[in-house]
Amino acid sequence: MKTIRNTPILGFAAFSGTGKTTLLEQIIPKLTQAGLKLGVLKHAHHNFDIDQQGKDSYRLRKAGATQMYISSRYRHAMISETPNEEATFEELLEQFDHKNLDMILIEGFKSQSFPKIELRRQALDNPWMHPNDDNIIAVATDIDTEKELSKGFNAALPQFDINDLDAIASFIIQTVAPSKQSNADASAAAQCCDTLSPAFLSVEQGIERILNAVSPLTQSTTVTIDHALHHVLAQDIVSSINVPQHTNSAMDGYAIRDQDVALESFKLVGEVMAGQSYPSELNAGEAVKIMTGAPVPSNGTTVIMREQSDTFEKDGQHFVTFNSALVKAGQNVRLAGEDLTIGQAVFSQGQKIGAAEMGMIASLGINECAVIRKLKVAIFSTGDEVQHPSQPQQQNCIYDSNRYALMGLLSQLNCEIIDLGILEDDHLAIEHAVSKAAVSADMVLTTGGVSVGDADYIKDVLEQNGNIDFWRINMRPGRPLAFGTIGDTPFFGLPGNPVATMVSFINFVRPAIHKMQGESNWQPTKLRAIASEALRSRHGRTEFTRGIYQLNEFGQLVVSSTGKQGSGILRSMSEANCLIEIDPLYAKVEPGELVTIIPLNI
């Protein structure tokens, strides 16, 4: 089982020769003296060996052990061989015993997305890193930064003398561990702490944690087939009839006995239309004219196509002839129960009912089926600045778009929506609404109030009334996410920007809804398409770009962006028919490269 990780992490970004290791070596004692329990993760660009040649553990590892655990009274270590593929940043972080750590310091891994302090020395003529890395939260340098403003230096970042170790250590302590300080300092540190803790999660880790935390509904209800669309079956559908009910003709033609296939002419003794039947067996040399779907005579299990026949009349009797070389016994006949037999399972519990399933169930003579009841989802928006679209727009206010976007997304998923409207920034009002929603709904959704530095009451209410984690998801747009439970009810706090709200819903809320609805083995639809233009990305972070995919003249899927990708540009979402998912391994996507797309209309 993977470690549940909420340990703050902090890295040091610098060019080679700046002295990262030396600074760490000097900073660590100051942090441990302040009571912090530290982990350190260092990336080496060269091969290394921490074991001594000739020692037992070295000999056993060299003999072929891919994992070597060595322990003594004072320390223990796992040495893992990774000859084929280097361990990922996330895999390495999971190796730490997080419950016994206050924070992890990182040296290296500068392409990964996590909070960092930039180190720069005047003696080294290097450029600033923070203009191209928005994960840098502070700067330590011996350069006169006032002279660097024209070179892109961001004066808004906290900055320290790189040789003032006490100041750097104090910043880390205040930022990461306010509980280690006096009460007077704790309030000032709260916002900084939110910058680093909890540490970034990948999109996959966020989805995994959410799916592990939610459970399928167990209550079912009965619906008629005409109201079954998009519901999930609570019980198996079993056929009580044979499909087809009778052995019948697969086409318009003439039915004869199998043993007569060598004959060339037959006496016509009757005609069978769909919905009728021939009342007796055929005698030798007899045929009946038959329509598609009509039951064949009990011993007439060969049908010849009408196009392969000729009819004539003799002595007042009607006859039909065939080319016997084209006739094979048993041809053009559908056997009773060929599609389904009595007692055969048709659809299993957990199957979502679509149009084809509705038709199939009805073809079995079943008018009602047991389904999982609709998932009840409570939604509300918060903020004094948010107003209903029916009102004249007030100064400094915005119309509530997120709630309506969520209504549309939830309706597509066949949820029952409990709309709690807009809640003002009032602690008691929000607390009452959240508590009430958690009792009446199966899931609660809010938007806004989960970003770094938010002063919204929603955070306080959630922390006091539920078991909520505030996460930083390593993605764009939609980095902030709150998830947890209020009582036993799952809660999602989505980001406030309109596009970020929808992207976060698609990635995190939708999978949870499918699981809670009881839909078995659901996976999002993802396709591969050729990028028709260069797409923005950043190594170490999952990018979701709004896109338009289509078939080119060669029948290939191609995709382009909708243009500007700001997380507040809702129009770009309405113009898009897909999300372009760019993997964290890509630093950029060039035209002609393959990318993953998530269709929005499926």
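Residues numbered from 1 in each chain as written. Predicted model: local features only at pLDDT ≥ 70, side-chain atom pairs only at ≥ 80, totals over all residues. Heavy atoms only, no water.

Colleague: Honestly, the overall build of the chain in this entry has me stumped. Any pointers?
Modeller: The helix and strand tally for the chain stands at 12 helices and 35 strands. Over its C-alpha atoms the chain spans a radius of gyration of 35 Å, topping by over 25% the 25 Å that the globule rule assigns to 602 residues. Here the C-alpha coordinates of the chain stretch approximately 120 × 75 × 55 Å along the principal axes. Burial status across the chain gives 47% buried among its 602 residues. The contacts in the chain between residues at least 6 apart in sequence include a share of 67% that link residues at least 24 apart. Charge-centre separation for the chain: the mean point of 49 positive side chains lies 6 Å from the mean point of 70 negative side chains. (Helix = DSSP H or I, 4+ residues; strand = E, 2+ residues; numbered from the N terminus. Rg over C-alpha atoms; globule rule 2.2 N^0.38 Å. Buried < 20%, exposed > 50% of the residue type's maximum accessible area, 1.4 Å probe, protein only. Contact = heavy atoms within 4.5 Å. Lys, Arg positive; Asp, Glu negative; His and termini not counted. Charge placed at Lys NZ, Arg CZ, Asp CG, Glu CD.)

Colleague: Please clarify how the environment of Val 214 should be interpreted in this entry.
Modeller: Mapped onto the secondary structure, Val 214 falls in the loop between α6 (203–213) and β10 (220–224). C-alpha separation for the pair Val 214 and His 230, spaced 16 residues apart in sequence, amounts to 20 Å. What Val 214 contacts, discounting residues up to four positions off in sequence, is Phe 483, Pro 490, Ala 512, Lys 515 and Met 516.

Colleague: I tried to follow the domain arrangement of the chain on my own but got confused; where do I start?
Modeller: By a widely used convention, the size of an interface equals the accessible area lost when the partners come together. Along its sequence, the chain is organised into domain 1 (9–46 + 55–176), domain 2 (220–242 + 339–372), domain 3 (248–334), domain 4 (376–517) and domain 5 (527–599). Taking only C-alpha atoms into account, the centre of domain 2 sits 38 Å from that of domain 5. (Domains from an automatic or database assignment.)

Colleague: Would you explain the side chain of Arg 120 in this entry?
Modeller: For Arg 120, the location among the structural elements is in strand β6 (residues 116–120). Judged by relative accessible area, Arg 120 falls into the buried class, the value being 9%. Of the polar contacts made by the side chain of Arg 120, one reaches the backbone oxygen of Asn 126; its length is 2.4 Å. (Polar contact = N/O pair within 3.5 Å; in protein donor to acceptor, adjacent residues only side chain to side chain.)

Colleague: Explanation requested: the packing of aromatic side chains in the structure shown.
Modeller: Here the distance between the centres and the angle between the planes together describe a pair of aromatic rings. Within this structure, the stated rule accounts for six aromatic pairs. Ring centres 4.9 Å apart and planes at 50 degrees place the aromatic pair Phe 483 and Phe 492 in the tilted group. The pair formed by Phe 483 and Phe 492 is uniform in burial state, with each residue classed as buried. Across the ring face of Trp 128, the terminal group of Arg 120 is positioned such that the distance to the ring centre comes to 4.5 Å. (Phe/Tyr/Trp six-rings, centres within 6.5 Å; stacked < 30°, edge-to-face > 60°. Lys NZ or Arg CZ within 6 Å of the ring centre and 35° of its normal.)

Colleague: Explanation requested: the nonpolar core in the structure shown.
Modeller: For soluble globular proteins, the rule of thumb is that nonpolar side chains tend to be buried together. Core analysis: the largest hydrophobic core is formed by 42 residues, its most contacted members being Met 443, Leu 445, Phe 492, Phe 505 and Ile 513. The leading source of residues in this core is helix α11 (residues 498–516), at 10 residues. The residues touching Leu 445, leaving out its near neighbours within four places in the chain, are Val 377, Ala 378, Ile 379, Phe 380, Leu 406, Leu 410, Phe 492, Phe 505 and Val 509. Counting residues in each nonpolar core, the second largest holds 24 residues, with Phe 12, Leu 38, Phe 160 and Ile 168 among its members. (Core = buried A, V, L, I, M, F, W, Y, C linked by side-chain atoms within 4.5 Å.)

Colleague: Looking at this structure, how should I read helix α1 (residues 20–33)?
Modeller: An α-helical segment advances 3.6 residues per turn. Residues three or four places apart therefore align on the same side. With 14 residues, α1 should reach 20 Å at 1.5 Å per residue; the first-to-last C-alpha distance of 20 Å fits that figure. The sharpest bend along α1 comes to roughly 25 degrees, located at Ile 27, with the proline Pro 29 sitting one to four residues further on. Among all positions of α1, only Lys 20, Leu 23, Leu 24, Ile 27 and Leu 31 are buried. In the stretch just after α1, Gly 35 is the one whose phi turns positive, near 95 degrees. (Expected span 1.5 Å × (residues − 1). Bend = angle between axes of the 7 residues up to and from the residue.)

Colleague: Can you walk me through the environment of Gly 275 in this structure?
Modeller: Position of Gly 275 relative to the elements: it lies in the loop between β14 (265–272) and β15 (286–290). Taking the relative accessible area as the measure of exposure, Gly 275 reaches 83% and is therefore exposed. C-alpha of Gly 275 to C-alpha of Ser 440: the two residues are 165 residues apart in sequence and 52 Å apart in space.

Colleague: Any chance you could explain the pattern of salt bridges here in plain terms?
Modeller: Pairing between side chains becomes possible if they bear opposite charge and their charged atoms approach one another. Scanning all chains against the criterion turns up 10 salt bridges. Of the charged contacts, one joins Lys 99 and Asp 97 as a salt bridge, the two residues approaching to 3.0 Å between their closest N and O atoms. Residue class for Lys 99 comes out exposed when judged on its relative accessible area of 72%. One salt bridge connects Asp 419 with Arg 403, and the closest N-O pair in it is separated by 2.7 Å. Within this pair, whereas Asp 419 is found in strand β25 (residues 416–423), its partner Arg 403 is found in helix α8 (residues 402–412), the two being separated by 16 residues in sequence. Since its relative accessible area comes to 38%, Asp 419 is described here as partly exposed. (Salt bridge = Lys/Arg side-chain N within 4 Å of Asp/Glu carboxyl O.)

Colleague: Hey, could you run me through the environment of Asn 154 in this one?
Modeller: With respect to the helices and strands, the residue Asn 154 is situated in the loop between β7 (136–141) and β8 (159–161). Residue class for Asn 154 comes out partly exposed when judged on its relative accessible area of 34%. From its side chain, Asn 154 meets the backbone nitrogen of Ala 156 in a polar contact 3.0 Å long.

Colleague: How do you make sense of the sheet that holds β7 when you look at a structure like this?
Modeller: Within a beta sheet, neighbouring strands are joined by backbone hydrogen bonds and run either parallel or antiparallel to one another. An order of β2-β5-β1-β6-β7-β8 is seen for the six strands of this open sheet, with the pairing classed as parallel. Two strands lie at the open edges of the sheet, namely β2 (38–42) and β8, each paired on one side alone. Adjacent strand axes in the sheet meet at a mean angle of 25 degrees, parallel and antiparallel pairs treated alike. With respect to the sheet, α1 is in contact with β1 (9–13), β2, β5 (103–107) and β6, its orientation differing from that of β5 by roughly 170 degrees. (Pairing = 2+ DSSP bridges. Axes fitted to C-alpha atoms, helices over the stretch in contact; angles between N-to-C directions.)

Colleague: Got a minute to help me understand empty space enclosed by the protein in this structure?
Modeller: Where empty space is left in the structure can be found by rolling a water-sized probe over the atoms. The final tally for this structure, using the stated rule, is one cavity of 30 Å³ or more. Within this model, the largest cavity holds a volume of roughly 60 Å³. When the residues that make up the lining of the largest cavity are grouped by side-chain class, the tally is three nonpolar, four polar and two charged. (1 Å grid on protein atoms, 1.4 Å probe; cavity = no way out; pocket = protein on both sides within 12 Å on 5 of 7 lines; lining within 4 Å. Points joined across faces, edges and corners; volume = space filled by probe spheres on them. Nonpolar A, V, L, I, M, F, W, Y, C, P; charged D, E, K, R; others polar.)

Colleague: Just to check I follow, could you spell out the confidence of the model for the chain for this structure?
Modeller: Averaged over the chain, the pLDDT score is 84; the fraction of residues at 70 or greater is 90%. This stretch, residues 178–199, has a pLDDT under 50; its non-local contacts, to residues over four places away or in other chains, come to 43 contacts. (pLDDT = per-residue confidence, 0-100.)

Colleague: Teacher, can you tell me more about helix α9 (residues 427–440) here?
Modeller: Between the first and last C-alpha of α9 there are 20 Å, a value that for 14 residues agrees with the 20 Å anticipated at 1.5 Å per step. For α9, the set of buried residues is Ile 430, Ala 433, Val 434, Ala 437 and Ala 438. Projection of α9 onto a plane perpendicular to its axis shows the buried side chains occupying an angular sector of 130 degrees, all on one side. More than 90 degrees from the buried face of α9, the exposed residues found are Leu 428, His 432, Lys 436 and Val 439. (Arc of directions from axis to C-beta.)

Colleague: I keep staring at the sheet that holds strand β13 (residues 253–256) and nothing clicks. Help me out?
Modeller: What the six strands build is an open sheet, ordered β16-β13-β15-β14-β18-β17; its pairing is mixed. One side of each edge strand has no neighbouring strand; the edge strands of this open sheet are β16 (302–305) and β17 (309–314). Strand-to-strand twist across the sheet, computed as the mean angle between neighbouring axes with direction ignored, equals 40 degrees. Bridge count between β13 and β16: four bridges; the pairing is antiparallel.

Colleague: What is the right way to look at unusual backbone geometry in this model?
Modeller: Note: most peptide bonds trans; most residues except glycine with negative phi. The residue after Val 243, namely Pro 244, is reached through a cis peptide bond having omega -5 degrees. By the element assignment, Pro 244 lies in the loop between β11 (237–238) and β12 (248–249). Pro 477 follows Arg 476 through a cis peptide bond whose omega is -5 degrees.

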